Amino acid sequence: IHQHLLRGLTHAATAGPHGDPLPAVLDEVFLRVPAERKWDLLDLLHRLSERHQLIYLSDDPFVAAWASQKATDVSLLAPEPEPV
C-alpha cells in the first residue's frame, strides 16, 4: 500500500494543467488495513501532507481518533452526534 500511495501522490504533484500540483482526495484508502498498521500509515500521510494537499475521507472511528490526536496539524470535520 505504501508504494501505491506514493505513486498516486507523485502523479498528483504534477498532474495539473501546467505541471502544477493537484490536491489528492483519499477515500477510505485504509479500510481493509488492520488497525495495528493504520496508525503508522496515517502518520505517513501526515508527513506527506507537508508537501501535498491531502483530503482524507473516512467514517472510521480509528481514523477520527488519530486525527483528534493530531488536532494541531490536522483539520477534522466530524458530524455532531444525533440526540437520543
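Predicted model only: the values in this text are computed from it and were never measured. (Residues numbered from 1 in each chain as written. Predicted model: local features only at pLDDT ≥ 70, side-chain atom pairs only at ≥ 80, totals over all residues. Heavy atoms only, no water.)

(A) Up close: unusual backbone geometry. Residues other than glycine seldom take positive phi values, yet Glu28 does so here, at roughly 50 degrees. Following the sequence through the fold, Glu28 ends up in the loop between β1 (24–27) and α2 (35–48). (Helix = DSSP H or I, 4+ residues; strand = E, 2+ residues; numbered from the N terminus.)

(B) Looking closely at the pairing of β1. Only one face of β1 is buried: it carries Ala24 and Leu26, and the other face, with Val25 and Asp27, is open. Crossover β1 to strand β2 (residues 54–57) through α2 is right-handed. (Buried < 20%, exposed > 50% of the residue type's maximum accessible area, 1.4 Å probe, protein only. Right-handed = clockwise from strand over helix to strand, strands pointing away.)

(C) Focus on the pattern of salt bridges. Under the counting rule described, the total for this entry stands at one salt bridge. Salt-bridge contacts for Asp60 lead to Lys38; the nearest nitrogen and oxygen are separated by 2.3 Å. Residue Asp60 is located in the loop between β2 and α3 (61–69), and its partner Lys38 is located in helix α2; the two are separated by 22 residues in the primary sequence. The same class applies to Asp60 and to Lys38, which are both buried. (Salt bridge = Lys/Arg side-chain N within 4 Å of Asp/Glu carboxyl O.)

(D) View of the packing of aromatic side chains. Using the criterion set out here, one finds two aromatic pairs in the structure. Centre to centre, the rings of Phe30 and Tyr56 are 5.9 Å apart; their planes meet at 35 degrees, and the pair counts as tilted. On the criterion of sequence distance, the pair formed by Phe30 in the loop between β1 and α2 and Tyr56 in strand β2 is long-range, its members being 26 residues apart. Considering the side-chain rings of Trp39 and Phe62, the 5.8 Å spacing of their centres and the 85 degrees angle between planes classify their relative orientation as edge-to-face. Residue Trp39 is found in helix α2, and its partner Phe62 is found in helix α3; the two are separated by 23 residues along the sequence. (Phe/Tyr/Trp six-rings, centres within 6.5 Å; stacked < 30°, edge-to-face > 60°.)

(E) Inspection of the environment of Leu5 at higher detail. With respect to the helices and strands, Leu5 occurs in helix α1 (residues 2–12). Sequence-wise, Leu5 and Asp40 are 35 residues apart; in three dimensions their C-alpha atoms are separated by 13 Å. Leu5 has contacts with Leu26, Phe30, Leu44 and Leu45, leaving out every residue within four places of it along the chain. (Contact = heavy atoms within 4.5 Å.)

(F) Spatial organisation of α3. Of the residues making up α3, those classed as buried are Val63, Trp66 and Ala67. Projection of α3 onto a plane perpendicular to its axis shows the buried side chains occupying an angular sector of 100 degrees, all on one side. Exposed residues pointing more than 90 degrees away from the buried face of α3 are listed as Pro61 and Gln69. On its buried face, α3 sits against α2 and β2. The backbone nitrogen of Phe62 has a side-chain oxygen 2.8 Å away, supplied by the residue at the start of α3, namely Asp60. (Arc of directions from axis to C-beta. Polar contact = N/O pair within 3.5 Å; in protein donor to acceptor, adjacent residues only side chain to side chain.)

(G) Region of interest: α2. Helix length check: α2, at 14 residues, gives a terminal C-alpha distance of 20 Å against a target of 20 Å (1.5 Å per residue), a fit within 8%. Where α2 is concerned, the buried positions are Lys38, Leu41, Leu42, Asp43, Leu44, Leu45, His46 and Leu48. (Expected span 1.5 Å × (residues − 1).)

Just geometry here; none of it tells us what the structure is for.
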